[in-house]
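Survey of secondary and tertiary structure
The chain contents come next:
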Amino acid sequence: MIGLGAAINTKTLTFAAAFSAFASEIPWLIALAFFLARGFIKTGLGNRIAYYIVSLFGKTTLGLTYSLVFAEALLAPAIPSLAARSGGIFLPLTKALSVSCGSDPNNGTERKLGSYLMLTCFQTSCVTSAMFITAMAANPLAVNLATTAIGQTISWGQWALGAIVPGIISLIGVPLVLYALYPPEIKDSPEAPKLAKEELAKLGPMSLDEKVMAVALSITVGLWIFGSAVGIGSIGAALVGLTILLVTGVISWKECLQESAAWDTLTWFAALIAMAAYLNKLGVIPAFSSAVVNVVGGLGLAWQPAFLIVILLYFYSHYLFASGAAHIGAMYTAFLSVAVACGAPPMLSALVLGYMSNLMGCTTNYGIGSAPPYFGSGYVPLPKWYQMGFVMSVFYLIVWLGAGPVWWKVIGLL
């Protein structure tokens, strides 16, 4: 809000421009996801599912983590809204698992389990979004821009085939890297499955509120997957679910008003989106893109090192953006054009820039749709979020630009 105030008072932005992003879907979708998550936890459905997962995979923290990671990967191709997928489904589940294991930031016990789970689930959400065209709402924009720039159309299968090997390596590697660098205090829990089964027995049959919550969540997720066929978008789907919970009394509007993390995230994320959008409209981002094109194009390098420079600049310039869509719209075409002009294979360049458009979201607490809900949970402090984000960015670049080319040569992209 300080930044918006400065922009208004210096006449850089009008009031309407400064607050324009409060009409954007993404901040509201994240807020609605928090409200749905409240019902998920309040009814006990979150605990029931959490205990069930723990009963199956809870002997070790890593086993529990991988079950969450690959469950999200299975849903990713079907739910294009990353904010909905993370905030509406996996954030409440992860939080319920953390709380059930005695890890709660309100009690100072976030490092027991929740910090590790939240950071890992966030990081792997960037990977799953990179693996499929339909796993992130802005990926089709990259496909359309690539078609215009290089005259070739990327199919769903081409995108997924190119990403499958580095993607799986990343999904396996991220939990291990974070386990070493940001370890949970709870590592082995051989008694956890037994205790979880006991807790499930105590819960007894599902209550009416749990059943209503399950129905509301199922309808919401179903509309997130199939809603486009009937003209219902992500926001409309989330509102349907929230309406069911409010009308049936599962949660109240007063409880929604008390969900401070939702309103906090809505406010700061909308402000960041507005400022990032006007960096582009006021010419800052286009000037940066043009400078990169001129510098890299004038170095006279072989296409491989030139391509690496293009990727690194594209990746780390994401600190300036509050969404992947804004970044793709502002810079994807320019950077793809300079990569091709330097001799890089057109299809490979288009695909790699598309993958990076998701992976680069790992760096900040605002750069991709899954970041605000996971960060807003309060389990990971901001400095640690940025520190781990940078470390993981290096890991992704090593995997996708190291192991990736070996695979891409096998499938004929190189």
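Here, the structure is the one placed above.
The structure contained in this document is the topic of the report that follows. The shown structure was predicted, so the numbers you read here are calculated from the model rather than taken from an experiment.

Rules behind the numbers
Residues numbered from 1 in each chain as written. Predicted model: local features only at pLDDT ≥ 70, side-chain atom pairs only at ≥ 80, totals over all residues. Heavy atoms only, no water. Helix = DSSP H or I, 4+ residues; strand = E, 2+ residues; numbered from the N terminus. Contact = heavy atoms within 4.5 Å. Buried < 20%, exposed > 50% of the residue type's maximum accessible area, 1.4 Å probe, protein only. Polar contact = N/O pair within 3.5 Å; in protein donor to acceptor, adjacent residues only side chain to side chain. Axes fitted to C-alpha atoms, helices over the stretch in contact; angles between N-to-C directions. Parallel < 35°, antiparallel > 145°, perpendicular 65-115°, else oblique. Left-handed = near helix turned anticlockwise from the far one by under 90°. Nonpolar A, V, L, I, M, F, W, Y, C, P; charged D, E, K, R; others polar. Phe/Tyr/Trp six-rings, centres within 6.5 Å; stacked < 30°, edge-to-face > 60°. Lys NZ or Arg CZ within 6 Å of the ring centre and 35° of its normal.

1. A closer look at the environment of L266
With respect to the helices and strands, the residue L266 is situated in helix 14 (residues 260-281). Taking the C-alpha atoms as reference points, L266 and P27, 239 residues apart in sequence, are found 5.0 Å from one another. Discounting chain neighbours no more than four positions away, the residues touching L266 are F22, P27, W28 and A31.

2. Points about the side chain of S357
Tracing the backbone shows S357 in helix 18 (residues 346-359). According to the relative accessible area criterion, S357 is buried, its value standing at 2%. Polar side-chain contacts of S357 include one of 2.7 Å to the side chain of Y314. Every residue in contact with S357, bar those within four places of it in the chain, is listed here: M136, Y314, G324, I328 and Y332.

3. Some thoughts on the packing of helix 16 (residues 303-316) against helix 18
The N-to-C vectors of helix 16 and helix 18 enclose an angle of 30°; their axes lie 10 Å apart at closest approach. Overall, the two elements helix 16 and helix 18 adopt an arrangement that is roughly parallel. The element helix 16 and its partner helix 18 pack so that their crossing is right-handed. When helix 16 is examined against helix 18, the residues W303, F307, I311, Y314 and F315 are found in contact with a partner set consisting of L348, S349, V352, L353, M356, S357 and L359. The residue inventory of the contact of helix 16 with helix 18, partitioned by class, reads 10 nonpolar, two polar and no charged.

4. Examining the packing of helix 7 (residues 114-131) against helix 18
The contact between helix 7 and helix 18 brings their axes to 8 Å, and the two run at 155°. In this view, helix 7 runs roughly antiparallel relative to helix 18, as classed from their interaxial angle. The element helix 7 and its partner helix 18 pack so that their crossing is right-handed. Within the contact between the two elements, helix 7 uses C126, V127, S129 and A130 and helix 18 uses Y355, N358 and L359.

5. Section: the environment of F307
With respect to the helices and strands, the residue F307 is situated in helix 16. F307 gets classed as buried once you look at its relative accessible area, which sits at 8%. Spatially, the C-alpha atom of F307 lies 6.7 Å from that of A344, the residues being 37 residues apart in sequence. Those residues in contact with F307, other than ones at most four positions away along the chain, are A339, A344, S349 and V352.

6. Considerations on the packing of aromatic side chains
By the definition in use, this model includes 19 aromatic pairs. Relative to F307, the ring of W303 lies with its centre 6.2 Å away and its plane at 55°, an arrangement referred to as tilted. A residue pair is termed a helical-turn pair when its members lie 3 or 4 positions apart in one helix, as W303 and F307 do in helix 16 at four residues. Ring geometry for Y355 and W408: centres 6.4 Å apart, planes at 25°, overall stacked. A residue pair is termed long-range when its members are at least 10 positions apart, and Y355 in helix 18 and W408 in helix 20 (residues 382-410) qualify at 53 residues. Y355 gets classed as buried once you look at its relative accessible area, which sits at 1%. An aromatic cluster is built from W28, F35, W253 and W263, whose rings are joined through pairwise contacts. Against the face of Y182 rests R111, its NZ or CZ located 4.2 Å from the ring centre.

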